[in-house]
Structure formats: structure tokens, C-alpha cells
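# Commentary on secondary and tertiary structure
Here are the chains, one letter per residue:
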Amino acid sequence: MFSWALVFLVIAIIAGVLGLSGIAGMATNIAWILFVVGLVLAVIFFVGGRRPPPM
């Protein structure tokens with residue numbers, strides 16, 4: 001998730017430099033959503049921990 005967020009952030013920066021504000025805004029929103037989803041999943045997996053296999 002974080003790698004995709006980084007990719008969309010780079011796309012947004014490049015689009016912003018080129019003056020494509022619509023694409024830059026959309027890519028920024030996608031990057032933000034992916035970052036938040038990745039962060040939530042990381043917290044869930046951290047709290048859940050690793051459980052031993054059932055016997």
C-alpha cells in the first residue's frame with residue numbers, strides 16, 4: 001500500500017510541476033487514501049499479532 005501511495009504522490013508532484021492541477025489533485029487524493037488504508041492495516045496487523053498455529 002505504501003509503495004502505491006508513494007507512486008501516486010510522485011505522479012501528483014510531476015503533474016503539479018507541469019501545471020496539470022486536476023490530475024495532481026486526483027493523484028494526491030488517491031495517495032492520501034492509500035496511505036491511510038495502509039496505516040490502518042498496519043495497526044490492525046500489529047495489534048492482532050502473530051497467533052500460534054492451531055493444534
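Everything below is about the structure printed above this text.
Report on the accompanying structure. Given the structure is predicted, the values throughout are model-derived calculations rather than measurements. (Residues numbered from 1 in each chain as written. Predicted model: local features only at pLDDT ≥ 70, side-chain atom pairs only at ≥ 80, totals over all residues. Heavy atoms only, no water.)

### Let's talk about the overall build of the protein chain
- Tallying secondary structure elements over the protein chain gives two helices and zero strands in all.
- Its C-alpha radius of gyration of 16 Å places the protein chain more than 25% over the 10 Å reference for a compact globule of 55 residues.
- Summarising its shape, the C-alpha atoms of the protein chain cover approximately 60 × 15 × 10 Å along the three principal directions.
- For the protein chain, the exposed surface amounts to about 4,600 Å²; the carbon and sulfur share of it is 80%. (Helix = DSSP H or I, 4+ residues; strand = E, 2+ residues; numbered from the N terminus. Rg over C-alpha atoms; globule rule 2.2 N^0.38 Å. Areas by Shrake-Rupley, 256 points an atom, 1.4 Å probe, with all protein chains shown as cover.)

### Regarding the environment of Phe 35
- Following the sequence through the fold, Phe 35 ends up in helix 2 (residues 21–48).
- Distance in space between the C-alpha atoms of Phe 35 and Trp 4 is 8.4 Å, their sequence separation being 31 residues.
- Filtering out sequence-adjacent residues up to four positions away, Phe 35 remains in contact with Phe 2 and Ala 5. (Contact = heavy atoms within 4.5 Å.)

### Description of the packing of helix 1 (residues 2–18) against helix 2
- The N-to-C vectors of helix 1 and helix 2 enclose an angle of 160°; their axes lie 8 Å apart at closest approach. Taken together, the axes of helix 1 and helix 2 lie roughly antiparallel to each other. The handedness of the crossing between helix 1 and helix 2 comes out as left-handed. Residues Phe 2, Trp 4, Ala 5, Phe 8, Leu 9, Ile 11, Ala 12, Ala 15 and Gly 16 of helix 1 touch helix 2, and the partners they reach there are Ile 23, Ala 24, Ala 27, Thr 28, Ile 30, Ala 31, Leu 34, Phe 35, Gly 38 and Leu 39.
- Counted by class, the contact of helix 1 with helix 2 contains 16 nonpolar, three polar and no charged residues. (Axes fitted to C-alpha atoms, helices over the stretch in contact; angles between N-to-C directions. Parallel < 35°, antiparallel > 145°, perpendicular 65-115°, else oblique. Left-handed = near helix turned anticlockwise from the far one by under 90°. Nonpolar A, V, L, I, M, F, W, Y, C, P; charged D, E, K, R; others polar.)

### As for helix 1
- In this model, helix 1 (17 residues) spans 24 Å end to end at C-alpha, consistent with the 24 Å of a helix rising 1.5 Å per residue.
- Among the residues of helix 1, Ala 5, Ala 12 and Ala 15 are the ones counted as buried. The buried side chains of helix 1 occupy one side of the element, clustering within an arc of 90° when seen end-on. Away from its buried face by more than 90 degrees, helix 1 exposes Leu 6, Ile 13, Val 17 and Leu 18. (Expected span 1.5 Å × (residues − 1). Buried < 20%, exposed > 50% of the residue type's maximum accessible area, 1.4 Å probe, protein only. Arc of directions from axis to C-beta.)

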